[in-house]
Amino acid sequence: MRHRKSLTVLTAAVLTAALAGCGGNNNDGGAGTKGSEGSGQQPSGSKSAVKLEAAQISWGTNLPADDFIKKTLDEKLGISLQMTLIGDKGDYENQINVRAASNNLPDVFLVTGKPQLQKLANAGSLLDLTPYLDKMPEYAAFAGEDVLKKGRIDDKQYALPKAGQALAYTYWIRKDWLDHLGLSAPTTVDELLEVAKAFTERDPDNNGKNDTFGLTGTNFDAFEPIFGAYGVTNIADVSQFFVRDGQVVNTFYQPEFKEALGAIKRFLDAGVVDPEVVSNKGTMAKDKAFQGKVGIIHTEWAQMMKPAEVQAWKGANPKAEWIQLAPPKGPSGQSYAKSVNIGDSGGLWGVPKRLENEPEKLEKVLELFNYVSTPEGNRLVQFGIEGKHFTLNGDAVEITDQGRNEATYTWLYQFAGRPETEYLKTKFADLVDYIEFEASLPRIETLDGFVQSPAGYNPADANRFIEEEMIKFAFGKNDLANYDKFLETLEKTFKYKTYVDSATEQLKKLGYGK
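A few points on the structure. (Residues numbered from 1 in each chain as written. Predicted model: local features only at pLDDT ≥ 70, side-chain atom pairs only at ≥ 80, totals over all residues. Heavy atoms only, no water.)

### Overview of the packing of aromatic side chains
Stage number 1. A complete count under the given rule lists 29 aromatic pairs for this structure.
Stage number 2. Arranged with centres 5.8 Å apart and planes meeting at 50 degrees, the rings of Phe369 and Phe415 form a pair that is tilted. Taken together, the positions of Phe369 in helix α13 (residues 359-371) and Phe415 in the loop between α15 (401-406) and α16 (420-427) put the pair 46 residues apart, joining distant regions of the chain. For the pair Phe369 and Phe415, a shared accessibility class is recorded, and that class is buried.
Stage number 3. Seen in terms of ring centroids, Tyr457 and Tyr499 are 4.3 Å apart; in terms of plane orientation they differ by 5 degrees. Their pairing is stacked. Taken as a pair, Tyr457 in the loop between β17 (443-446) and α18 (459-474) and Tyr499 in helix α20 (residues 496-509) lie far apart in primary sequence, 42 residues in all.
Stage number 4. A residue is classified by how much of its surface remains accessible, and Tyr499, at 6% relative accessible area, is buried.
Stage number 5. The ring of Tyr169 has Lys338 lying over it, and the distance from NZ or CZ to the ring centre is 5.0 Å. (Phe/Tyr/Trp six-rings, centres within 6.5 Å; stacked < 30°, edge-to-face > 60°. Helix = DSSP H or I, 4+ residues; strand = E, 2+ residues; numbered from the N terminus. Buried < 20%, exposed > 50% of the residue type's maximum accessible area, 1.4 Å probe, protein only. Lys NZ or Arg CZ within 6 Å of the ring centre and 35° of its normal.)

### Points about the sheet that holds strand β1 (residues 50-57)
Stage number 1. Strand order in the open sheet formed by 5 strands is β2-β1-β3-β14-β6, and the pairing between neighbours is mixed. Lying at the two open borders of the sheet, with one neighbouring strand each, are β2 (79-86) and β6 (160-161).
Stage number 2. As defined by bridge partners, strand β3 (residues 108-111) adjoins strand β14 (residues 348-350) across 3 bridges and the pair is classed as antiparallel. Within the sheet, the bridge partner assigned to Leu110 lies in β14 and is Trp349.
Stage number 3. Together, β1, β2 and β3 form the strand contacts of helix α2 (residues 89-101), whose direction differs from that of β1 by roughly 135 degrees.
Stage number 4. Its contacts with the sheet place α13 against β1, β2, β3, β6 and β14, and it is angled at close to 55 degrees to β1. (Pairing = 2+ DSSP bridges. Contact = heavy atoms within 4.5 Å. Axes fitted to C-alpha atoms, helices over the stretch in contact; angles between N-to-C directions.)

### Let's talk about helix α19 (residues 483-494)
Stage number 1. Helix length check: α19, at 12 residues, gives a terminal C-alpha distance of 16 Å against a target of 16 Å (1.5 Å per residue), a fit within 8%.
Stage number 2. Buried within α19 are the following residues: Tyr483, Phe486, Leu487, Leu490 and Phe494. The arc that holds the buried residues of α19, viewed along the axis, is 100 degrees, so those residues lie on one side. Structural note: α19 exposes Asp484, Lys485, Lys492 and Thr493 on the side pointing more than 90 degrees away from its buried face.
Stage number 3. Lys495 sits one or two positions beyond α19 and adopts a positive phi of about 55 degrees. (Expected span 1.5 Å × (residues − 1). Arc of directions from axis to C-beta.)

Written as C-alpha cells, this is what we have:
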C-alpha cells in the first residue's frame, strides 16, 4: 500500500492584503496580472484621457505586454483603461468586499453573483443604472430584455449583465493511461470509481512510482457529473433550484442528494481523489493534471485544448492524450453534465454609486459598454484588430494565424458579452468538435440567478455552513444518517426555509413551476 498524506479540509482563506486604489498597485491573487500602469505601459491618448479601472476574475489569464485591445479602446474612447485582475473567485470577492467597505470600488467591476449584487445594492454601494440605459442604446439592444433583467434588484438596474452563456465542462481523462492499463472509458459512476482506483494504484504512467491519483478538480466542482448522475445539482450557491416534474424544487431536499454524497464519499474513502481537491484554487488542479499527477479532471475544453494548453501538457509528457468523457450514468440511468444557471449571466458588471458625482468617468463607462456592443467594437474584443487578427468575408469573420496566436486574452475585454456559439466556432474553428461535444451534453437548468434573497436571510453565511457540512459528510467527519439534522439546523439557524419559500414564490411568478 502506498503512503498518502491525509485529506484535509480547507478552512476559509484569510485575506492577507486588500487591493490598493487606482494607482497601479494591483494584487493579482497569484494568477492574474497587474494593470497597464503596474506593468510599465504608458496610458494611451492625450493627457486628458480619463482613467478608468475595471476589475474582474482572470482565472489565470494574463494581459500581454503589447495589449492591442487596451490601446485601441483607449484611442477610440479617450480613456486610459487599467485592468485589475484577480486569479481566483474567492480572493476576488473578498477584495471587492474590502474595497466596498472603504468606498474604494473600481470604476466598473465584476460582481460574482446575485448574492453579492444584492449585498452591495442594499449597502448603497452601487449606482442604479436604470436612468442611464437610454445612453447605452447599442448595449441595451445587444443584451436584450431577458439579459438585462438578470441584473435587477427590486426592479432597479444595479448591474450590466453580459450577453451569451457558455455550455461547457465535462470530465477529461488520460486515454494513454487507459490504453496502458487495458481499460475502457468509464460510462457509469461505478466504472469511473474503478478507473480512478486503477489510475491511483496501478502505475498508469509506468514510471515505477506510486505518485498518481485518479480524480481532481476545484472543490466540489470536481464531482459535478456525479451529482448529475443522481439527478441533482452541486452544492454551489448558484445551483440549488430547478424544475422537476413541473415543480420548483431545491436540490438539498431531493432524496437522491444524500445518495450522491454517499457516492462521492466512496471516491474519497478509496483514496483516489487528489488530496488537495478541497483547497485547489485557480489553475492548481489543471497544473496537476498537466504534470501527470492525476488522470481525470473536471474542466472545460478551453482549459485543455487551446494551443497553449496542449503545448503545456504535451511538453510535460509528449505521450499524453486527453479525451472528453460523457457524464457517467447513475443507478437509475440519469446522466447530467455541469448544471447551467439560466437566470445567471456570463458576468454582472457593477458601477459604484460614487460615480454619480464623477460624471466624466461615468460617461466613459457608458461609452465603453455601448462601444463594445456595436458590431465594430464587439468584433474588436472578440477577435482583435481587423486586417491583422481577422478579416471579413462579407459578414463572416475569418481568423488569421496572428489572431489565433495573439488574441487569446481578448475575452477579458468583452464587457457586454458575445454571441457565444458563433464566437467559439469562429475563433476556434479547429476545436469545433470539442466545443460541440460539451455544448450538446444534457444539463439541469437551474434558476438561482433569478432569485432575490428575502429580508433576514444571509446567503453568504448559509452557503458557508452548507459547504462546511457537505465536506464533513463527504470526508466522513459526520455520518450521513445525520443529514436531516443538517437540514434542520440550516432551516432554524440560517432561515433557509424562508429562503426556499421566497425563491419558489418568485420563480412561480416568472413562470417556473406550478
